[in-house]
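# Coordinates in review
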Amino acid sequence: AQLVGEDPLVQWRLSWCPNENQLAVGCFNGSVVMWNIENGRNWISQAHTSAIRCIRFREDGQLFATAGHDGRIKVWKTGRPLVPVADEKLGLLWLLSIEWISDREIA
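As the structure is a computational prediction, the values presented were derived from the model and not from experiment.

## So, the sheet that holds strand β8 (residues 83–89)
Through backbone hydrogen bonds, the strands of a sheet pair up, either in parallel or in antiparallel fashion. As summarised here, the arrangement of the 4 strands in space is β5-β6-β7-β8, forming an open sheet in which the pairing is antiparallel. In this open sheet, the two strands that pair with only one neighbour each are β5 (52–57) and β8. Across this sheet, the average inter-strand angle for adjacent strands is 15°, counted without regard to direction. Relative to β8, strand β7 (residues 72–77) runs antiparallel, the two being bridged by 6 bridges. By the bridge assignment, K77 is partnered in β8 with V83.

## Points about the pairing of strand β4 (residues 42–46)
By the alternation rule, side chains of β4 split into W43 and S45, which are all buried, and N42, I44 and Q46, of which none is buried. Pairing of strand β3 (residues 31–36) with β4, which is carried by 5 bridges, proceeds in the antiparallel orientation. When the bridges of β4 are listed, V32 appears paired with S45.

## Notes on the environment of R13
Mapped onto the elements, R13 comes out in strand β1 (residues 11–16). A relative accessible area of 29% places R13 in the partly exposed class. In this structure the C-alpha to C-alpha distance between R13 and C27, which are 14 residues apart in sequence, comes to 6.7 Å. If sequence neighbours within four positions are ignored, R13 has contacts with A24, V25, G26, I52, R53, C54, I55 and L96. A polar contact is formed between the side chain of R13 and the backbone oxygen of R53, at a distance of 2.6 Å.

## What about the environment of P81?
Mapped onto the secondary structure, P81 falls in the loop between β7 and β8. Between the alpha carbons of P81 and I44 there is a distance of 9.3 Å; along the sequence they are 37 residues apart.

Analysis parameters
Residues numbered from 1 in each chain as written. Predicted model: local features only at pLDDT ≥ 70, side-chain atom pairs only at ≥ 80, totals over all residues. Heavy atoms only, no water. Pairing = 2+ DSSP bridges. Helix = DSSP H or I, 4+ residues; strand = E, 2+ residues; numbered from the N terminus. Axes fitted to C-alpha atoms, helices over the stretch in contact; angles between N-to-C directions. Buried < 20%, exposed > 50% of the residue type's maximum accessible area, 1.4 Å probe, protein only. Contact = heavy atoms within 4.5 Å. Polar contact = N/O pair within 3.5 Å; in protein donor to acceptor, adjacent residues only side chain to side chain.

Structural data, given as structure tokens:
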């Protein structure tokens, strides 16, 4: 299967949803592509104003977090449409990793 999207969607970071057949792709233009690997369908949502530096699902797959080159870290409810549940300005442009340390905390 091929990930379908606009030309500027250079795949940057990937995260596998642990309880769904979905792959989240963080892109250079700040978009997130949610790709269903069973049926090959995907949808695109703008998540950040610049490149997504990292993306990680929570263990239960209900939420995922993104960190962008815009210095923001965001937590999203998994599903369509993409709905942010938290948005924090950190000012760290080079954040390269997100880890869930509990159901409510990321590091």
